[in-house]
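# Structure assessment
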Amino acid sequence: MIRRRISRAKNGDGCVLRLPSPERELLRTLPEELAPILAAFGSGNTEPPGGLPGSMRRLFPPAYSKDDEAQRHYADLTRAELADHHRQSLELLASTASATALNADEMQGWLTALNDLRLVLGTVLGVTEEEDIDQPIRGLSQQMIVYRYLSSLQAELLEVLDRKSTRLNSS
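I will try to describe carefully the structure that is included in this document. Numbering of residues starts from 1 in every chain and runs along the sequence as written. Residue-level local features of this predicted model are given only where pLDDT is at least 70; pairs of side-chain atoms are given and counted only at 80 or more, and the full residue set underlies all totals for whole chains, interfaces and linings. To get the side-chain values, take all heavy atoms of the structure and skip hydrogens and water.

### What to know about the packing of helix α3 (residues 68–96) against helix α4 (residues 104–125)
Running from N to C, α3 and α4 cross one another at 110°; their axes reach a closest spacing of 8 Å. Taken together, the axis directions place α3 and α4 in an arrangement best described as roughly perpendicular. Contacts between α3 and α4 involve H85, H86, S89, L90, L92, L93 and T96 from the first element and D105, E106, G109, W110, T112, A113, D116 and L117 from the second. Classifying every residue of the contact of α3 with α4 by side-chain character gives six nonpolar, six polar and three charged. Axis lines are fitted to C-alpha atoms, over the contacting stretch for helices. Their N-to-C directions set the angle, which ranges from 0 to 180 degrees. Helix and strand definitions here come from DSSP, where helices need a minimum of 4 consecutive H or I residues and strands a minimum of 2 consecutive E residues; each element is numbered from the N-terminal end. Our angle categories are set so that under 35 degrees counts as roughly parallel, over 145 as roughly antiparallel, 65 to 115 as roughly perpendicular, and the remainder as oblique. Any pair of residues with heavy atoms lying within 4.5 Å of one another is described as a contacting pair. Gly falls in the polar group here, along with every residue not listed as nonpolar (Ala, Val, Leu, Ile, Met, Phe, Trp, Tyr, Cys, Pro) or charged (Asp, Glu, Lys, Arg).

As structure tokens, this is what we get:
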């Protein structure tokens, strides 16, 4: 039986985290690696020539793929705010990595941060929807192992949120 790292809090509000120290350290340091990239692409008011690199396109998806002028205008209006949202979620993940429990808002922040980290790492690794997440990890790159870890942690968190939502809807 697989030991759950995340479970619903007994009072039903939030969750309990059972993460070993190395996992907590990873969750503290990964956001620090993405922060400078977000700052570089999120603060600029102009779309770089040729658009954003693939990893950043996932975090700042284009609204107008066939109209460069409309896309530049859209980026001018939204990119800084979206970058700030990503940055806040990553900071929350890093600052609460040592926590033993998360409230509902922190859980949402973790979901956003885990998703952001997965999007960037998955793009760098060339992960596709057909990726077999259940294949053995022997022989995989360290980055792919981290990607899978983030995916499994995100899945556990979503499961806890889904159980909470299901319970609230059936009341």
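### Structural notes on the packing of aromatic side chains
Pairs were defined over the aromatic rings of Phe, Tyr and Trp, the Trp ring being its six-membered one, requiring ring centres within 6.5 Å. Orientation was assigned from the angle between planes: stacked under 30 degrees, edge-to-face over 60, tilted for the rest. The full count for this structure, using the stated rule, is one aromatic pair. Between Y64 and Y74, the ring centres sit 6.2 Å apart and the planes meet at 80°, which makes this aromatic pair edge-to-face. On the criterion of sequence distance, the pair formed by Y64 in the loop between α2 (54–59) and α3 and Y74 in helix α3 is long-range, its members being ten residues apart. Exposure categories follow from relative accessible area, calculated using a 1.4 Å probe and restricted to protein chains: below 20% of the type maximum is buried, above 50% is exposed, and the middle band is partly exposed. With a relative accessible area of 41%, Y64 lands in the partly exposed category.

### Quick look at the sheet that holds strand β3 (residues 101–102)
Pairing is antiparallel across the open sheet formed by three strands, whose spatial order is β1-β2-β3. Of all the strands in the sheet, the pair left with one neighbour each is β1 (6–8) and β3. One ladder, built from three bridges, connects β1 with strand β2 (residues 15–17); its direction is antiparallel. Paired with I6 across the two strands is L17, which belongs to β2. Criterion used throughout: strands pair if DSSP finds at least two bridges between them.

### Structural notes on the pattern of salt bridges
Between Lys or Arg on one side and Asp or Glu on the other, a salt bridge is scored when a side-chain nitrogen of the former is within 4 Å of a carboxyl oxygen of the latter. Summed over the entire model, instances satisfying the criterion amount to six salt bridges. Across the pair R5 and E156 runs a salt bridge, and its minimum N-O distance is 3.0 Å. Taken together, the residues span a long stretch of sequence, with R5 in the segment before β1 and E156 in helix α5 (residues 142–170) at a distance of 151 residues. Residue R5 is classed as buried on the basis of its relative accessible area of 13%.

### Quick look at the environment of C15
By the secondary structure assignment, C15 is in strand β2. Using a relative accessible area of 0% as the deciding quantity, one classes C15 as buried. Along the sequence, C15 and L161 sit 146 residues apart, while their C-alpha atoms lie 8.7 Å from each other. With near-sequence residues (within four places) excluded, C15 lies in contact with I6, S7, R8, A9, T100, A101, L102, M107, L157 and V160.

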